[in-house]
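Topology and contacts: notes
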Amino acid sequence: MGAGWRAFTHPSETVATARKEIANLGSTLEKALSPASETEFNQEIGPHRRFDWTRLELDEIREVRKQLGGTLNDVMLTV
């Protein structure tokens, strides 16, 4: 309610903010719709593409996190 009242009482500020947000949305959409750059990880899917997995003990991951810092998610993404 407070934001609505501020928008009503400060229209020029509201328009400027709206323009900025629309420009940001346009930039985001442009990036989302453009093709990804060429890398070894961004190749056409073919018969040689593989997927693999492994099991890790959560306590081991916690120990790595404790020794190096960061979060459990940081450790998993690094692995």
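This text gives an overview of the structure that appears in the document. Per-chain numbering applies: the sequence of each chain, read as written, is numbered from 1 onward. With pLDDT at 70 or above as the cut-off, local features in this predicted model cover only qualifying residues; side-chain atom pairs require 80 or more to be listed or tallied, and sums for whole chains, interfaces and linings still use all residues. For the side-chain quantities, the full set of heavy atoms in the structure was used; hydrogens and water were omitted.

1. A word on the overall build of the protein chain
- Each helix is a run of H or I in the DSSP string that is no shorter than four residues. Each strand is a run of E no shorter than two, and both are numbered from the N terminus. Along its length, the protein chain carries 4 helices and 0 strands.
- Ordering the α and β elements of the protein chain from the N terminus gives α-α-α-α.
- Within these notes, the globule rule equals 2.2 Å times the number of residues to the 0.38 power, and the radius of gyration is based on C-alpha atoms. Its C-alpha radius of gyration of 23 Å places the protein chain more than 25% over the 12 Å reference for a compact globule of 79 residues.
- With the principal axes as the frame, the protein chain shows a C-alpha extent of 60 × 40 × 20 Å.

2. Remarks on the environment of Gly4
- Here Gly4 shows up in helix H1 (residues 2-9).
- When a residue's accessible area, from a 1.4 Å probe over protein chains only, is under 20% of the maximum for its type it is buried; when over 50% it is exposed; and in between it is partly exposed. A relative accessible area of 46% places Gly4 in the partly exposed class.
- Counting along the chain gives 10 residues from Gly4 to Thr14, while the straight-line C-alpha distance between them is 9.8 Å.

3. Things to note about the pattern of salt bridges
- Salt bridge, as used here: a side-chain nitrogen of Lys or Arg that lies within 4 Å of a carboxyl oxygen of Asp or Glu. Considering all chains together, one arrives at 1 salt bridge under this definition.
- Residues Asp59 and Arg62 are paired through a salt bridge, measuring 3.6 Å at the closest nitrogen-oxygen approach. Here Asp59 and its partner Arg62 are both found in helix H3 (residues 58-68), 3 residues apart, which amounts to about one turn of the helix.

4. Description of the environment of Arg6
- Mapped onto the elements, Arg6 comes out in helix H1.
- With relative accessibility at 43%, the residue Arg6 sits in the partly exposed group.
- Along the sequence, Arg6 and Thr39 sit 33 residues apart, while their C-alpha atoms lie 47 Å from each other.

As far as function goes, none of this settles anything; it's purely spatial.
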